[in-house]
Amino acid sequence: MKKQKIIYESGNEVAAYAAKQINYHIMGYYPITPSTQIAEYLDEMKAEGKHDIALIAAEGEHSAAGICYGASCGGGRVFNATSANGLLYALEQFPVQSGTRFPMVMNVACRTVSGPLSIKGDHSDVMYLLNTGWIIFFADTVQAVYDFNIIGLKIAEKVKLPVVIAFDGFFTSHQKKKCEVFAEDSDVTNYIGNYHAKYHALDMDNPCTIGSYMNEPDIINNKYQLHQAMEQGKIEIKNECLSYYHLTGREYHKVKGYETEDAEIILFLLGSSYHTAIAATDILRKKGEKVGVCTIQILRPFPKEELWELCKGAKTILIADRQDSYGAGGGNMSLEIKAMLQEYGSQANVITRIYGLGGKDFYVKDALELFAQAKEGTKRFDYYGHYKGDETFDEKKHIYFQPLTEKDTTLQATTCQKKDDFFVVKGGRINETALMPKRLAAGHGACPGCGIFVNVNLLLRGIEGNVVLLFQTGCGMVVTTGYPNTSFKVPYVHNLFQNGAATLSGLVEMYHQKQKRGEYPKGDITFIMVSGDGGMDIGMGSAIGTALRNHRLILMEYDNGGYMNTGYQLSYSTPMGAKSSTSHIGNTQYGKTFFHKDTPMIMAATNIPYVATVAESNPVDFIKKAAKANEYGKKYGMAYIKALSACPLNWGDDPSTERKVIQGAVDSCYFPLYEVEQGITTLTYDPEKSKKKIPVEQWLAMMGRTKHLIKPEYKNVVEEIQREVDRRFLRLKARSESEYL
């Protein structure tokens, strides 16, 4: 046995710890709750020089899976972590990985698949993986997360299949427990050995084609070989668990049972709920009731033989699924266990209960109730833990806000007039727009000093008439729509990060079609999509597609420089050098290593009619640009507006000084104010002419996330940032001074 040491960590932390000990070549990732911490911990250890893994932050989970696949084609060791809709976004990549037989390990901190949006834990995501050809471990303890991450890689490389290590999000992923780990990293690397891919894309002497086009009969042979690899996996898992036992003294089997030997009633649960049910079993056993509980630790290949041996004597089996395969009479575990029991000719009464969706807690009293329902044994399928709504509820008597009509929001505080094919805005001053009713109520759960609603409300001051809002997932959405409440006084739609612009474009076109067919009253509606918290990374493709189609809408981005709603990981708009939970500061890192994305220029390249940058420090400029965007968005095509949006919690500054910090970004030319109207660029505020220009170093010193850059050892980084800021501003000035640019 190899020497072990005890650490006190969560499932996410031990997954990262195992990855560090393995020292993978590549991790491609994108932050999504509740798996994000795995990348965060690895980045923290990377900053301290504890591993050599190249951590590649993708702009979305689909690309993260592509990074991992490409890296595995190179014959190295590859790692990933994801959850929920992120897993679904990448789903089409997973059969590619298994079908071409390249091993890797991916952790899945299981979470509810939306909509409606929920970030809590159930098993509705991992069940989508059952048909992808990946071996799937399910860890019911923090200790198992660590051990399966090591065993799983060994299995993956033996059978040449990718492996998932799944565990309960926010339960196993976040709960800290005592865990034994190898005291020496070398013992882990000696156990897994060296990996030599027989085929890979970096073998120049023996070039191979990976992922060729196949028809019948070849494709069926490919899938048959994948089936054979799964069958081999059954043997290898058993053998490796035994080898691992000799190394550590920790024993693992494909199935686990408690008091099942003579049990007449058996409760099946997957994951951490298994341990809760053990406590209930002890209570009932003391009363003389023959009950037991079982679980499985391998979803693929499904351990039907071993599971049958555990439960073949039971008269009643209640299968508790933490997800539902809607319309099938049970979740995936119910369907698979029923098939197994039928195959072995069982006469047991099989009952299904759907429980714990959206992370609903599962207590001992709940397990006792499930045993009671199994004992009663009448209702074969039902949900457990749901409740009946109030059938007498009249929504008309519970209106939060009176609707804002076009009359209420048409004040003529801003007017746009055409002059030489361009718009000139009259009005738009703060006092002139003060009477504009707020479409977004003051009641929300944002952090003190949050810039989102300052920017959204400033935008809406310049938008007269009817408004429909769409928010991508993010802080702005989460803090305003906690069911059953809403902060919106106008129609509102939510969709996920990656697809907000396309969703709104569909709504816009439906509006125009219904008007065209006489099914909707004449008049104007301004359609506005609000994006932020990195939404213009993962959602960039959708935004560009919408821009190229030139739908009549406004896309407003509040750029707070990070993935704030998941705890501040670096986004592509995070300043270079800024520290975040995935760009730590240490002996080998100084924060984010590449420059911020120039999204307005990217959007301008799509040739939409109007692009502008705005800042709360220059409110009149902001409101006038909003008025222009309103005219373009209603009549001519897409308008894009970007606001620099404060996040005191993660920027590390004082909420009361945020306007000064935003002004510093503008005056340093890090965030210049300009517009691109019908392809012509105009600088709308020049700090040099106003004699307010400051060096970018002065702005960086205003925030805790970049204050470290002022230290002498980072002088070259600040100089590099200054050169890039100057280059971008000089190019912008050149565009502004040209009638063609």
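Residues numbered from 1 in each chain as written. Predicted model: local features only at pLDDT ≥ 70, side-chain atom pairs only at ≥ 80, totals over all residues. Heavy atoms only, no water.

1. Observations regarding the packing of helix 6 (residues 142-159) against helix 8 (residues 218-248)
Contact geometry for helix 6 and helix 8: axes closest at 9 Å, N-to-C directions at 135 degrees. Taken together, the axis directions place helix 6 and helix 8 in an arrangement best described as oblique. Helix 8 is crossed by helix 6, and the crossing has right-handed handedness. The residues of helix 8 that touch helix 6, namely those facing Y146, D147, I150, I151, K154, I155, K158 and V159, are A229, Q232, G233, E236, I237, E240, C241 and Y244. Class assignment of the residues belonging to the contact of helix 6 with helix 8 gives a composition of nine nonpolar, two polar and five charged. (Axes fitted to C-alpha atoms, helices over the stretch in contact; angles between N-to-C directions. Helix = DSSP H or I, 4+ residues; strand = E, 2+ residues; numbered from the N terminus. Parallel < 35°, antiparallel > 145°, perpendicular 65-115°, else oblique. Left-handed = near helix turned anticlockwise from the far one by under 90°. Contact = heavy atoms within 4.5 Å. Nonpolar A, V, L, I, M, F, W, Y, C, P; charged D, E, K, R; others polar.)

2. Concerning the side chain of K20
Mapping K20 onto the fold places it in helix 1 (residues 11-22). Take K20: its relative accessible area is 9%, and that puts it in the buried class. Side chain to side chain, K20 and D185 meet in a polar contact 3.1 Å long. Not counting residues within four places of it along the chain, the set of residues in contact with K20 comprises L42, M45, K50, H51, I53 and D185. (Buried < 20%, exposed > 50% of the residue type's maximum accessible area, 1.4 Å probe, protein only. Polar contact = N/O pair within 3.5 Å; in protein donor to acceptor, adjacent residues only side chain to side chain.)

3. Considering helix 1
For helix 1, with 12 residues, the first-to-last C-alpha span of 17 Å sits near the 16 Å given by 1.5 Å per residue. For helix 1, a buried count of 12 out of 12 residues is recorded, marking the element as mostly surrounded by other parts of the structure. For helix 1, the full list of buried residues reads G11, N12, E13, V14, A15, A16, Y17, A18, A19, K20, Q21 and I22. Just beyond helix 1, the residue with positive phi is N23, at close to 60 degrees. (Expected span 1.5 Å × (residues − 1).)

4. Focus: the packing of aromatic side chains
By convention here, two paired aromatic rings are described through the distance between centres and the angle between planes. A full pass over the atoms with the stated rule returns 23 aromatic pairs. Measuring from ring centre to ring centre gives 6.2 Å for F381 and Y383, while their planes differ by 85 degrees; the resulting arrangement is edge-to-face. Judged by relative accessible area, F381 falls into the partly exposed class, the value being 32%. We note K418 situated over the ring of F423; from NZ or CZ to the ring centre the distance is 5.3 Å. (Phe/Tyr/Trp six-rings, centres within 6.5 Å; stacked < 30°, edge-to-face > 60°. Lys NZ or Arg CZ within 6 Å of the ring centre and 35° of its normal.)

5. Let's talk about the pairing of strand 2 (residues 26-29)
The side-chain alternation of strand 2 yields two buried faces, one formed by I26 and G28 and the other by M27 and Y29. Between the parallel elements strand 2 and strand 3 (residues 54-57), the chain passes through helix 2 (residues 36-47) in a crossover that is right-handed. Bridge count between strand 2 and strand 4 (residues 78-82): two bridges; the pairing is parallel. Across the sheet, the residue bridging to M27 is F79, located in strand 4. (Right-handed = clockwise from strand over helix to strand, strands pointing away. Pairing = 2+ DSSP bridges.)

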